[in-house]
Amino acid sequence: MTDGQTVEPRAGLRERKKQRTRDALVRASLELFTTQGYERTTVDEIVDAVEVSQRTFFRYFASKEDATFAVQEMVESRFVEELRRRPADEAPFEAMRRAVLCAWSSIGEAIEEVVSVDLHMRTYQMIESTPILLAAHMRRGVTLENQIALLIAEREGLDVDRDPRPRVAVAAFSGVMRVTGQLWGRGLDPSVEALRDLTEEYLDQLVPALARDWRQESRDRHQSPDQHQEPRDRRRA
C-alpha cells in the first residue's frame, strides 16, 4: 500500500509537469506568432524561449499549426462535451445554443490558465489574417461540423446520410459562430464574457432571421401610423 501511495503522487507530479511544459510551449508559440508572424517563426525559436529541445516540442505537437490551434481545440472539446450532456428532450438547435453558452461560461478560467485572453484574441486575429492558418481554420471547422452533425443525428435517432436536417442545422449554427468570432476579434473587449454575450445575441436572432419576411417588416416599419390607422377607420365607416 505504501508503494501505491508513493507511485500515485509521483505520477500526478509527472502529469502536471508535462501540462506545464505543454502550456509554456503554447504561450511561447502564440507570443512569437502574433508578434513576428507565423511563417517567420521557427520551432527553434519556440523551444529556445521555453528552454527545451525540439524533440520535446514534437512530443506535444506535430507541427506549428497544432500549437496554434491548441487553445481553440480545448474550447471546441468543451463545447462537444457540453453538447453530449444536454437533455435528450431538447430540440437540436436549443441543445447546441445552450451547450455553447455553457461552454463559454466555464472555459474562461481554463483559457487563462494557458494564455491571457488578450493573447487569445490576438491569436484569433492572426489566424484570420494569415492565409495558411485561415485555410486550416476552415478545414478544422468542416471536421468539427461533421462531428456535431453526427452527434445531433445520434441524439435524434436519424441517419445523417439520409436526413439532411442535422447537417443543415449545424451549418446554420456554425455560420453564426464564425460571424460572432470575427466580430469579437475586431472588437475592443477581449474578454470571454464579451464573446459569450455576442454569441448569445446572434444565436437568438437566427430563427427570427430565417423565419420572418424581412421586406414586409421593413415596409411595416416605414409605414406611418396614419397609414396603419386609415384601413381601420374605413372599416368602421
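Our subject is the structure that appears above.
Procedures and definitions
- Sequence positions are assigned chain by chain, starting from 1 and proceeding in written order.
- Only residues with pLDDT of 70 or above have their local features reported here, since the model is predicted, and side-chain atom pairs are shown and tallied only from 80 upward, although totals for entire chains, interfaces and linings are computed over all residues.
- As a convention, hydrogens and water are excluded, and side-chain values are obtained from all of the structure's heavy atoms.
- When a carboxyl oxygen of Asp or Glu lies within 4 Å of a side-chain nitrogen of Lys or Arg, that pair is called a salt bridge.
- The buried label applies to any residue whose accessible area, calculated with a 1.4 Å probe on protein chains only, is under 20% of its type's maximum; exposed applies above 50%, and partly exposed to all values in between.
- Runs of E in the DSSP output that reach at least two residues are strands. Runs of H or I that reach at least four are helices, and both are numbered from the N terminus.
- Whenever a nitrogen or oxygen atom comes within 3.5 Å of another N or O atom, the pair is scored as a polar contact, on the condition that within protein one atom can donate a hydrogen and the other can accept it, and that pairs from neighbouring residues in sequence are kept only if both atoms are in side chains.
- Only heavy atoms matter for contacts: two residues are in contact if any of them lie within 4.5 Å across the pair.
- In this tally, Asp and Glu contribute negative charge and Lys and Arg positive charge; neither His nor the terminal groups of the chain are included.
- Here the expected span of a helix is defined as 1.5 Å times the quantity of residues minus one.
- Angular values range over 0 to 180 degrees, each being the angle between N-to-C directions of two axes fitted as lines to C-alpha atoms, with helices fitted over their stretch in contact.
- Each angle gets one of four labels, with under 35 degrees taken as roughly parallel, over 145 as roughly antiparallel, 65 to 115 as roughly perpendicular, and the rest as oblique.
- Amino acids outside the nonpolar list (Ala, Val, Leu, Ile, Met, Phe, Trp, Tyr, Cys, Pro) and the charged list (Asp, Glu, Lys, Arg) are all regarded as polar, and Gly is one of them.
- For our purposes a nonpolar core is just a set of buried Ala, Val, Leu, Ile, Met, Phe, Trp, Tyr and Cys residues, chained together by side-chain atoms within 4.5 Å.
- In this scheme Phe, Tyr and Trp rings, the latter by its six-membered ring, pair at centre separations within 6.5 Å, and the angle between planes marks the pair as stacked below 30 degrees, edge-to-face above 60, and tilted otherwise.
- Only Lys NZ and Arg CZ are tested; either one counts as a charge over a ring when it is within 6 Å of the ring centre and within 35 degrees of the ring normal.
- Within this scheme a cavity is a closed region of a 1 Å grid, computed over the protein atoms alone, that accommodates a 1.4 Å probe without allowing it to escape, whereas a pocket is open but has protein on both sides within 12 Å along at least five of seven lines; lining residues each have an atom within 4 Å of a point.
- Grid points are joined across faces, edges and corners, and a volume is the space filled by probe spheres set on the points.

*Asks:* Looking at this structure, I do not really get the pattern of salt bridges. What am I missing?
*Replies:* It is possible for side chains of opposite charge to pair when their charged atoms get near one another. Here the structure, examined in full by the defined rule, presents 17 salt bridges. Each member of the salt-bridge network shares a partner with another, and the members are Arg86, Glu90, Glu94, Arg97, Arg98, Arg196, Glu200 and Asp204.

*Asks:* Hey, could you run me through unusual backbone geometry in this one?
*Replies:* Negative phi values dominate among residues other than glycine, just as trans dominates among peptide bonds. A positive phi angle, close to 65°, is found at Glu51, a residue other than glycine. Here Glu51 falls in the exposed class, since its relative accessible area comes to 72%.

*Asks:* Can you help me understand the side chain of Ser191 in this one?
*Replies:* Mapped onto the elements, Ser191 comes out in the loop between α9 (165-186) and α10 (192-211). According to the relative accessible area criterion, Ser191 is buried, its value standing at 18%. Within the structure, the side chain of Ser191 is placed 2.9 Å from the side chain of Asp189, a separation counted as a polar contact. When near neighbours in sequence (up to four residues on either side) are disregarded, Ser191 contacts Val117 and Trp184.

*Asks:* Before we go on, may I ask you to explain the side chain of Asp23 in this structure?
*Replies:* Examined against the element boundaries, Asp23 turns out to sit in helix α1 (residues 2-36). Within the buried set, Asp23 has no salt-bridge partner at all; the shortest N-O distance to an opposite charge, 4.9 Å, is to Arg22. With residues up to four places along the chain from it excluded, the contact list for Asp23 reads Glu113 and Val114.

*Asks:* What am I meant to see in helix α5 (residues 70-85) here?
*Replies:* Structurally, the α-helix is built with 3.6 residues per turn, so residues lying three or four positions apart point the same way. Taking 1.5 Å of rise per residue, the 16 residues of α5 would be expected to cover 22 Å, and the 23 Å separating its terminal C-alpha atoms lies within 8% of that figure. Inspection of α5 places Ala70, Val71, Gln72, Val75, Glu76, Phe79, Val80, Glu82 and Leu83 among the buried residues, and these make up the whole buried set.

*Asks:* Help me out: how do you make sense of the packing of α5 against helix α8 (residues 131-156) in this one?
*Replies:* When two helices pack together, their arrangement is given by the angle between the helix axes and the distance between those axes. Axis separation between α5 and α8 bottoms out at 11 Å; the angle between their running directions is 10°. Judged by the angle between their axes, α5 and α8 are roughly parallel. Side by side, α5 and α8 meet where Gln72, Glu73, Glu76, Phe79, Val80, Leu83 and Arg84 of the first sit next to His137, Arg140, Leu144, Gln147, Ile148, Leu151, Ile152 and Arg155 of the second. Class assignment of the residues belonging to the contact of α5 with α8 gives a composition of seven nonpolar, three polar and five charged.

*Asks:* Please explain the nonpolar core as it appears in this structure.
*Replies:* Proteins that are soluble and globular tend to have nonpolar side chains buried together. Counting residues in hydrophobic clusters, the biggest one holds 60 residues, and the most contacted among them are Phe79 and Leu83. Per-element accounting of this core gives the leading share, twelve residues, to helix α6 (residues 92-114). For Phe79, the contacting residues outside a window of four places in its chain are Met96, Ala99, Val100, Ala103, Ile148 and Phe173.

*Asks:* Help me out: how do you make sense of the packing of aromatic side chains in this one?
*Replies:* Working definition: an aromatic ring pair is given by the centre-to-centre distance plus the angle between the planes. What the rule picks out here adds up to six aromatic pairs. Centre to centre, the rings of Phe93 and Phe173 are 6.4 Å apart; their planes meet at 80°, and the pair counts as edge-to-face. Pair noted here: Phe93 is in helix α6 and Phe173 is in helix α9, with a separation of 80 residues, a long-range link. Comparing Phe93 with Phe173 shows no difference in burial state: the two are buried. Look at Tyr124 and Trp184: their rings are 6.2 Å apart centre to centre, the planes differ by 75°, and that puts the pair in the edge-to-face class. Taken together, the positions of Tyr124 in helix α7 (residues 117-129) and Trp184 in helix α9 put the pair 60 residues apart, joining distant regions of the chain. A relative accessible area of 14% places Tyr124 in the buried class. Clustering of aromatic rings is evident, with ring pairs tying together Phe57, Phe58 and Phe61. The ring of Tyr38 has Lys64 lying over it, and the distance from NZ or CZ to the ring centre is 4.5 Å.

*Asks:* What is the right way to look at empty space enclosed by the protein in this model?
*Replies:* To find the voids left in a structure, one rolls a probe of water-molecule size over its atoms. Summed over the entire model, instances satisfying the criterion amount to one cavity of 30 Å³ or more. Its boundaries defined by the atoms lining it, the largest cavity holds a volume of some 640 Å³. Put simply, the parts of the chain that give the lining of the largest cavity at least two residues each are α5, α6, α7, α8, α9 and α10. The element best represented in the lining of the largest cavity is α9, accounting for seven residues. Of the residues that constitute the lining of the largest cavity, the class distribution is 16 nonpolar, ten polar and three charged.

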